[in-house]
Amino acid sequence: MSLLRRRKHPFNESFRKPEKEHENGDFSYESKRKKIAYEHEEERPLSKWSCFDTWCWLIGCVCVTWWFILFLYNAMPASFPKYVTEVITGPLPDPPGVKLRKLGLTAKHPVVFVPAAVTGGLELWEGRKCAQGLFRKRLWGGTYGDVYKRPQCWVEHMSLDNETGCFVWTTLVSNLARIGYEEKTMFMAAYHWRLSFQNTQVRDQTLSRIKNNIELMVATTGGQKVVIIPHSTGALFFLHFMKWVEAPPPMGGGGGPYWCSKHIKAVVNIAAPFLGVPKAIPLFLSAESKDISLVRAIAPGFFENDIFQPQILQHVMRLSHSWDSTVSMIPRGGDTIWGGLDWSPEEGYSCDQKREMKNSTLVTNPARAKSAISLTRSANFGRIVSFGKDVAEAPSNDIDRIDFKGAVKGHRAENRTCRDLWTEYHGMGFEGIKAVADYKTYTAESIVELLHFVAPKMMTRSTAHFSYGIADNMDDPKYKHYKYWSNPLETTLPNAPEMEIFSFYGTGLLTERAYIYKLSPTAECHIPFQIDSSTNDEETCLKGGVYSVDGDGTVPVLSAGFMCAKAWHGKTKFNPSGIRTYLREYRHSPPTTLLEGRGTLSCAHVDIMRNFALIEDVIRIAAGASGEELGGNRVHSNIFKWSEKINLQL
């Protein structure tokens, strides 16, 4: 029976009184049996801790910690994060709206925002079969959870016909609200940015809606004129609008010659690419930019990989060749503005600011100063595209150029696998591609001819809506056509002498200006040209095949500032009524700590919309201040010096 007796757990046994020892010191039989049981229990192996158990434990700890932190964050007072930041970085300045409200500023003039291209959301209302389930989903400017699963379908919807044609305003809007602005005194003049400016009216009546909203805002605020705040491409769009609204129908809005004078107090252009941007050229030639060239320099084979190349660069090229928002960015003014084979306005620019300062402050002897300048090599930024670093640096007389325009085009060997990624290069043939490289170097004027050669469909559509030259005689009837209205060098400002025009933009950031190119591998699916990322020269601001000058990282100072610095300054043929113009430059300063995020002193092309100094200037203008009361011009760059080098008859 003892063998069938239920065994008691040794843990429970340990709490019982030990049995008495025999007189000779030995334990009883029962005690010995228990001792053996304990020994057997100790010899039994422990269960092993697996890797799976470790990962489960780690995931559990992370989840518990995350939820605990989230609980604390929601439970803490709203001012606690600001308190922690101030303990680390010191007291934070008041936002501009709070600061100016304390000074007594209140809302006065209604405000109209004109967004840049690609910053407005695009929803799908009617799509193809592949877009089932995407009705009212944002294909641009929203979440891409349902979109990234079908990239080819997304490209098909975002591309326009090749023959026919995250919200950056939050900080500014919230600060305007602090001095009393509300929904009825603020209006976002959104437009379909993929279309040409005139086609936004044809398709959506966008220009008419903007006109009606401005008239309503003026009427409901007691006759207070509006302040227009365009950002980036929005400045070109609104320049077009000012001509459209006063032009007679059917091409124009029929507002009459004094509509702008009656309704607009000021136009505050922010980071405006009035004369285009050189970085548009590599976008059309090879779907590249400085960022792509740097990736190539770090990982040379990445974009040549058969997996990544068709999925990235060809899709980018297909989109860029069909969006008129990008075509409007081609540099305007030709060699007169951007320089030729032997000169450029920014000649002598040094990207090494310390070296520049040293030359200007320590070299006091004129002879030594001249010698120091001569020893500093400068890039010829007028050569926007050069095939080879040697071509970019050679004297123009030593460059043997063969005209590409007479080259015979022909289809390359057919490759059916590339049909979904078709680009206009497929119709050029090897001879056409070779002819482009044999021309060696391109200035702003020959760039337009080059684009007509390599992308004829895009440029045929483009030149029906945009122009890139300079007007000799503004009285020529041809300039009444809408294709000239967004080119500040081929149109006039409205007859509104009381209106003011501001140009706000960032400086102190290296900005793309010219490029070194080479022929890429001739595989059928590959784009035939690419930036030569192996070329570098610190002295001439060349890095990864890209020459840089001063700007906001996207728009060079020359494009953003020249019109207000010279072409519109005073009474000129482009500004016949003498509208007062002002330059306000903001020197870029990166954030000093990680807690600052992108920083309130950043002047990059998009981040400048969060710049406290700029926001304060905008609020003061909206509250009634004039350009003179703002302090007039504030310049950090050499824009006036560079503008004087441009021989433009005014």
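Computed from a predicted structure; not experimentally measured.

K.L.:
What is the right way to look at the overall build of the protein chain in this model?
P.N.:
Looking only at helices and strands, one finds 26 helices and 14 strands in the protein chain. In the protein chain, which comprises 650 residues, the proportion classed as buried is 48%.

K.L.:
Looking at this structure, how should I read the packing of helix α8 (residues 197-204) against helix α9 (residues 206-220)?
P.N.:
Helix-helix packing is described using two parameters, namely the angle between the two axes and the distance between the axes. The geometry of α8 relative to α9 is characterised by a closest axis approach of 6 Å and an angle of 90 degrees between their N-to-C directions. As summarised for this structure, α8 and α9 are arranged roughly perpendicular, according to the angle between their axes. Contact with α8, carried on its side by Phe197, Gln198, Thr200, Gln201 and Asp204, involves Thr206, Leu207, Ser208 and Arg209 of α9 and no other residues of that element. Along the lines of polarity and charge, the residues of the contact of α8 with α9 split into 2 nonpolar, 5 polar and 2 charged.

K.L.:
Please clarify how the packing of helix α7 (residues 170-177) against helix α24 (residues 612-622) should be interpreted in this entry.
P.N.:
Running from amino to carboxyl end, α7 crosses α24 at an angle of 45 degrees, the nearest separation of the two axes being 10 Å. With respect to α24, the axis of α7 lies oblique. Regarding α7 and α24, the two cross each other, and that crossing is right-handed. For the pair α7 and α24, the contacting residues are Thr171, Leu172, Asn175 and Leu176 in the first and Ile615, Val618, Ile619 and Ala622 in the second. Split into classes, the residues belonging to the contact of α7 with α24 amount to 6 nonpolar, 2 polar and no charged.

K.L.:
Please explain the nonpolar core as it appears in this structure.
P.N.:
Nonpolar side chains in soluble globular proteins tend to be buried together. Judged by nonpolar contacts, the single largest core of 116 residues is most densely connected at Ile264 and Val454. By residue number, the principal contributor to this core is helix α10 (residues 233-246), which donates 9 residues. Once you skip the residues sitting within four places of it in the chain, Ile264 turns out to touch Lys225, Val226, Ile228, Phe238, Met242, Trp259 and Met499. Listed in part, the 32 residues of the second largest apolar core include Leu176, Val268, Tyr582 and Val618.

K.L.:
Would you mind going over α9 with me for this structure?
P.N.:
In a regular helix each residue adds 1.5 Å, so 15 residues correspond to 21 Å; α9 covers 21 Å between its end C-alpha atoms and thus fits that length. Tucked inside the fold, the buried residues of α9 contact β1 (111-114), β4 (186-188), α8, β5 (226-230), α10 and α11 (259-263). Gly222 lies just past α9 and shows a positive phi near 75 degrees.

K.L.:
Mind showing me how you'd approach the environment of Thr554 here?
P.N.:
Note that Thr554 resides in the loop between β13 (546-551) and α23 (557-567). Sequence separation between Thr554 and Val277 is 277 residues, and the spatial gap between their C-alpha atoms is 7.4 Å.

K.L.:
Just to check I follow, could you spell out the packing of aromatic side chains for this structure?
P.N.:
Remark: the centre distance and the inter-plane angle together describe each pair of aromatic rings, the angle taken between the planes. In the structure shown here, the tally under the stated rule is 20 aromatic pairs. Their ring planes at 70 degrees and their centres at 5.8 Å tell us that Phe502 and Phe504 sit as a pair that is edge-to-face. Exposure class is identical for Phe502 and Phe504. Each is buried. Aromatic rings pair up to connect Tyr191, Phe197, Phe237 and Phe466 into one cluster. In this arrangement the basic side chain of Arg401 is found over the ring face of Tyr439, its NZ or CZ atom lying 4.1 Å from the centre. Its end group placed over the ring of Phe404, Lys405 keeps NZ or CZ at 5.2 Å from the ring centre.

K.L.:
Is there a simple way to think about the sheet that holds strand β9 (residues 500-507) in this case?
P.N.:
Sheet strands line up and pair through hydrogen bonds in the backbone, either parallel or antiparallel. Strand order in this open sheet of 6 strands is β4-β1-β5-β6-β9-β14, and the pairing throughout is parallel. The sheet terminates laterally at β4 and β14 (580-587), the two strands that pair on one side only. Neighbouring strand axes in the sheet, compared pairwise and without regard to direction, differ in orientation by 15 degrees on average. Relative to β14, β9 is paired through 8 bridges, and the arrangement is parallel. Within β14, the residue paired with Ile501 across the bridge is Thr581. Sheet contacts for α7: β1, β4 and β5; angle to β1, the most-contacted strand, approximately 175 degrees.

K.L.:
Could you clarify how one ought to interpret the side chain of Glu500 in this entry?
P.N.:
Its location among the elements puts Glu500 in strand β9. A polar side-chain atom of Glu500 sits 3.4 Å from a polar atom in the side chain of Arg580. Beyond its immediate stretch of four places on either side in the chain, Glu500 contacts Lys265, Ala266, Val267, Ile579, Arg580, Tyr582, Ser626 and Gly627.

K.L.:
Teacher, can you tell me more about unusual backbone geometry here?
P.N.:
A negative phi angle characterises most non-glycine residues, just as the trans form characterises most peptide bonds. Cis geometry marks the peptide bond from Pro249 to Pro250, where omega comes out at 10 degrees. Assignment of secondary structure puts Pro250 in the loop between α10 and α11. Notably, Ser232 is not glycine yet its phi reads approximately 55 degrees, a positive angle. Here Ser232 shows up in the loop between β5 and α10.

K.L.:
Looking at this structure, how should I read the pattern of salt bridges?
P.N.:
A side chain with one charge may pair with a side chain of the opposite charge, provided their charged atoms come close. In the structure shown here, the tally under the stated rule is 19 salt bridges. Of the charged contacts in the structure, one is a salt bridge between Asp204 and Arg203, with a shortest N-O distance of 3.1 Å. In this structure, Glu393 and Lys389 form a salt bridge, with 2.7 Å as the shortest nitrogen-oxygen distance. Here Glu393 and its partner Lys389 are both found in helix α19 (residues 389-393), 4 residues apart, which amounts to about one turn of the helix. With a relative accessible area of 41%, Glu393 lands in the partly exposed category.

K.L.:
Looking at this structure, how should I read the side chain of Asp617?
P.N.:
Counting through the fold element by element, Asp617 comes out in helix α24. Accessibility expressed as a relative area gives 7% for Asp617, which makes it buried. Of note is the side chain of Asp617, whose polar atom sits 3.2 Å from the side chain of Arg584. Once residues within four sequence positions are removed from consideration, Asp617 is found in contact with Phe504, Arg584, Tyr586, Leu630 and Arg634.

K.L.:
Would you mind showing me how to read the confidence of the model for the protein chain here?
P.N.:
Low-confidence regions, as indicated by low pLDDT, have predicted coordinates that should not be scrutinised in detail. Put simply, the protein chain has an average pLDDT of 80, and 70% of its residues get 70 or more. The low-confidence segment residues 1-23 (pLDDT under 50) makes 20 contacts with residues lying over four places distant or belonging to another chain. Counted against residues more than four places away or in other chains, residues 139-149, with its pLDDT under 50, gives 23 contacts.

K.L.:
Would you mind going over a nonpolar patch on the surface with me for this structure?
P.N.:
Side chains of Trp55, Trp57, Leu58 and Ile59 sit close together on the surface and give an oily, nonpolar patch of about 480 Å² of accessible area. The topology assignment puts Ile59 in helix α3 (residues 51-75).

K.L.:
Explain the environment of Cys260 to me, please; I cannot follow it from the model alone.
P.N.:
Within the element layout of this structure, Cys260 appears in helix α11. Each C-alpha atom of the pair Cys260 and Pro494 lies 6.6 Å from the other, and the pair is 234 residues apart in sequence. Ignoring any residue separated from it by four or fewer positions in sequence, one finds Cys260 in contact with Met242, Val245, Glu246, Pro494, Ala496 and Met499.

K.L.:
What should I look at first to understand α24 in this one?
P.N.:
An α-helix turns once every 3.6 residues. As a result, residues three or four positions apart point the same way. Burial analysis of α24 places 8 of its 11 residues in the buried class, which makes it a mostly covered element. Buried within α24 are the following residues: Leu614, Ile615, Glu616, Asp617, Val618, Ile619, Ile621 and Ala622. Its side-chain oxygen 2.9 Å from the backbone nitrogen of Ala613, Asn611 forms the N-cap of α24. Taken from the residues just after α24, Gly624 is the one with a positive phi, measuring 120 degrees.

Conventions and cut-offs
- Residues numbered from 1 in each chain as written.
- Predicted model: local features only at pLDDT ≥ 70, side-chain atom pairs only at ≥ 80, totals over all residues.
- Heavy atoms only, no water.
- Helix = DSSP H or I, 4+ residues; strand = E, 2+ residues; numbered from the N terminus.
- Buried < 20%, exposed > 50% of the residue type's maximum accessible area, 1.4 Å probe, protein only.
- Axes fitted to C-alpha atoms, helices over the stretch in contact; angles between N-to-C directions.
- Parallel < 35°, antiparallel > 145°, perpendicular 65-115°, else oblique.
- Contact = heavy atoms within 4.5 Å.
- Nonpolar A, V, L, I, M, F, W, Y, C, P; charged D, E, K, R; others polar.
- Left-handed = near helix turned anticlockwise from the far one by under 90°.
- Core = buried A, V, L, I, M, F, W, Y, C linked by side-chain atoms within 4.5 Å.
- Expected span 1.5 Å × (residues − 1).
- Phe/Tyr/Trp six-rings, centres within 6.5 Å; stacked < 30°, edge-to-face > 60°.
- Lys NZ or Arg CZ within 6 Å of the ring centre and 35° of its normal.
- Pairing = 2+ DSSP bridges.
- Polar contact = N/O pair within 3.5 Å; in protein donor to acceptor, adjacent residues only side chain to side chain.
- Salt bridge = Lys/Arg side-chain N within 4 Å of Asp/Glu carboxyl O.
- pLDDT = per-residue confidence, 0-100.
- Patch = residues over 30% accessible without salt bridge, like charges linked within 9 Å, V, L, I, M, F, W, Y side chains within 5 Å.
- Areas by Shrake-Rupley, 256 points an atom, 1.4 Å probe, with all protein chains shown as cover.

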